[in-house]
Amino acid sequence: MAKAKTIKIKQVGSPIRRPESQRKILIGLGLNKMHKVVELQDSAEVRGAVAKVPHLVEIVD
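Residues numbered from 1 in each chain as written. Predicted model: local features only at pLDDT ≥ 70, side-chain atom pairs only at ≥ 80, totals over all residues. Heavy atoms only, no water.

1. Comments concerning the overall build of the protein
Phase 1: Each helix and strand counted, the protein has 2 helices and 3 strands in total.
Phase 2: Reading the protein from its N terminus to its C terminus gives the helix and strand order β-α-β-α-β.
Phase 3: Taking 10 Å as the expected radius of gyration for a compact globule of 61 residues, we find that the protein reaches 12 Å, a close match to that expectation.
Phase 4: Its C-alpha atoms give the protein principal-axis dimensions of roughly 45 × 20 × 15 Å.
Phase 5: Looking at the protein residue by residue over its 61 residues, the buried ones come to 26%.
Phase 6: Excluding contacts between residues fewer than 6 apart, the proportion of contacts in the protein whose partners are at least 24 apart in sequence is 70%.
Phase 7: Only carbon and sulfur atoms are counted for the fraction: they give 54% of the accessible area of the protein, which is about 4500 Å². (Helix = DSSP H or I, 4+ residues; strand = E, 2+ residues; numbered from the N terminus. Rg over C-alpha atoms; globule rule 2.2 N^0.38 Å. Buried < 20%, exposed > 50% of the residue type's maximum accessible area, 1.4 Å probe, protein only. Contact = heavy atoms within 4.5 Å. Areas by Shrake-Rupley, 256 points an atom, 1.4 Å probe, with all protein chains shown as cover.)

Next comes the structure, spelled out in structure tokens:
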């Protein structure tokens, strides 16, 4: 069986003084602290969430 492709996302910006919708996107991605890295399945939904908060997260290899 093929291994599912994953993506690592790191939080680099603080959600303080950001709109509530951006905070909820970070929580949905599993991020809640600075410099935390999560590994998620590489899907259109995850890519779309990252695209909404590019100033708060970065993709790491």
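2. Overview of the nonpolar core
Phase 1: With 13 residues, the main nonpolar core has Ile 9, Leu 29, Leu 31 and Val 57 as its most contacted residues.
Phase 2: Elements with a minimum of two residues in this core: β1 (6–11), α1 (20–29) and α2 (44–52).
Phase 3: Residues in contact with Leu 31, not counting those within four places in the same chain, are Ile 9, Gln 11, Leu 26, Lys 36, Val 38 and Val 57. (Core = buried A, V, L, I, M, F, W, Y, C linked by side-chain atoms within 4.5 Å.)

3. Regarding α2
Phase 1: Among the residues making up α2, those that are buried are Val 46, Ala 49 and Val 50. End-on, the buried residues of α2 take up no more than an arc of 100°, which puts them together on one face. More than 90 degrees from the buried face of α2, the exposed residues found are Ala 44, Glu 45, Ala 51 and Lys 52.
Phase 2: On its buried side, α2 packs onto β1, α1, β2 (37–41) and β3 (57–60). (Arc of directions from axis to C-beta.)

4. So, the pattern of salt bridges
Phase 1: One pass over the structure, following the stated rule, counts 2 salt bridges.
Phase 2: Arg 23 serves as the salt-bridge partner of Glu 20, at 3.7 Å between the closest nitrogen and oxygen. Here the residue Glu 20 and the residue Arg 23 both occupy positions in helix α1, the gap between them amounting to 3 residues, near one helical turn.
Phase 3: The class for Glu 20 is partly exposed, based on a relative accessible area of 46%.
Phase 4: For Arg 23, a relative accessible area of 33% corresponds to the partly exposed category.
Phase 5: In this structure, the salt-bridge partner of Arg 47 is Asp 42, at a minimum N-O distance of 2.9 Å. (Salt bridge = Lys/Arg side-chain N within 4 Å of Asp/Glu carboxyl O.)

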